[in-house]
Every structure is written in structure tokens, then in C-alpha cells.
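# Survey of secondary and tertiary structure
The lines below spell out each chain.
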Amino acid sequence: GNVITWNVGNLAPAASKTFGITGKAVAQGRHCNKAEAKATCAEPVAATACTEIKGVAALLLEVIDVADPIEVNGQETYVITVTNQGTAVDTNIKIVATLEDTQSYVSSSGATVGTASGKTVTFAALPALAPKAKAEWRVVVKAVKAGDIRFAVQLDSDVLDRPVNETESTHQY
């Protein structure tokens, strides 16, 4: 269970022995270990050591195009997926997508509402993403000119020190 017992045997006066344990946290929060020593000819003594276990959020950004390659005047759908691979919630997740001049905005959908302005699609911040959870957004564009395209996505959140950038190439012919 949760109890470890060492039978020390005889211990000479003024002598000491050291014991240690190694554990793995399975949950966040305050965790305490209590040690107690008992002997036949002495009063029991005890000590407690507590540790605060904190999790870490770790976001993975993936961007794929669904129909590559596409003809001019055809539509392409980009799927943007953010996965929290960590052990703590991340908050204020922001997605911004940038189209090239050879594409025009058609629509967007997903975990939060997207707003287009020129060649930029900005999604409202996702308030929180739990550990192991995923959030998905979609951007539909129209090919207006042939070319080797790079659809760019930027991810930011409260945990990140700097944005994460991902691009997806699409061939328009």
C-alpha cells in the first residue's frame, strides 16, 4: 500500500542510519510523507515532509490541408489542431492564420469564432485546454491564382513564452 517499513535491528548509542524512497507523482497537489521511528526503549518520534506537485502544459500545434493540390477557383480546407500533451491546464489559447495573396477567405469554424480581416483570420481566445484535450479550428479558402502556397498559423497561450508557428504547403494549379 502506502506504507514502507524498515526493520533496523540494533542501533548503537549515537549511531544513525539513513533511508530514502523514490516515488512518482500521480496527481497534482500537496503530497506529504510522514516518517516515524519506534524503538523498544524510547518514545516514538515522527517528522513530515510535504511537496507541492505542479503540472506542466505542453501544446502541440498541427496544421493540415484536406484536398491538396487544388485547382484555381477551387476551395481548400485547413484543419488546425491544438493538443495539450501536458499534465496541467493551459489558458487563453489564441490562433491566428495568415493566407497568401493567391488565396481568398471563404469561412472559418471551430472551438472559437474566427474573424477575417484582409489575409488574416483571428480566432477568439479559447479560455482553457485541459491536459490531454484537443481543440480544432477550420479555415476554408479559395484559390485565386496558381502557386506554391504556405498557409501560416500562429499559436499563443498564457503558458508559452513566445508564439509557436506552423505552416502548411498547398499546391494551387
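Before going into details, it helps to say that this report is about the structure given with it. Note that the coordinates shown come from a computational prediction; the quantities given were computed from them, not determined experimentally.

### Observations concerning the pattern of salt bridges
- The final tally for this structure, using the stated rule, is three salt bridges.
- Between Glu136 and Arg138 there is a salt bridge whose closest N-O contact spans 3.3 Å.
- Residue Asp148 pairs with Arg150 through a salt bridge whose shortest N-O separation is 2.7 Å.
- Take Arg150: its relative accessible area is 35%, and that puts it in the partly exposed class.

### Some remarks on the environment of Gly29
- Relative to the assigned elements, Gly29 resides in strand β1 (residues 29-39).
- For Gly29 and Glu52, which are 23 residues apart along the polypeptide, the C-alpha to C-alpha distance reads 5.6 Å.
- Gly29 has contacts with Thr51, Glu52 and Ile53, leaving out every residue within four places of it along the chain.

### A closer look at the state of the cysteines
- In this structure the tally under the stated criterion is one disulfide.
- Cys32 shares a disulfide with Cys50; S-S distance 2.0 Å. The chirality of the disulfide connecting Cys32 with Cys50 is right-handed, given an S-S dihedral of about 105°. With a gap of 18 residues between them, Cys32 in strand β1 and Cys50 in strand β2 (residues 42-53) connect regions that are remote in the sequence.
- Relative accessible area serves as the criterion here: at 43%, Cys32 is assigned to the partly exposed category.

Scoring rules and cut-offs
- Residues numbered from 1 in each chain as written.
- Predicted model: local features only at pLDDT ≥ 70, side-chain atom pairs only at ≥ 80, totals over all residues.
- Heavy atoms only, no water.
- Salt bridge = Lys/Arg side-chain N within 4 Å of Asp/Glu carboxyl O.
- Buried < 20%, exposed > 50% of the residue type's maximum accessible area, 1.4 Å probe, protein only.
- Helix = DSSP H or I, 4+ residues; strand = E, 2+ residues; numbered from the N terminus.
- Contact = heavy atoms within 4.5 Å.
- Disulfide = S-S within 2.5 Å.

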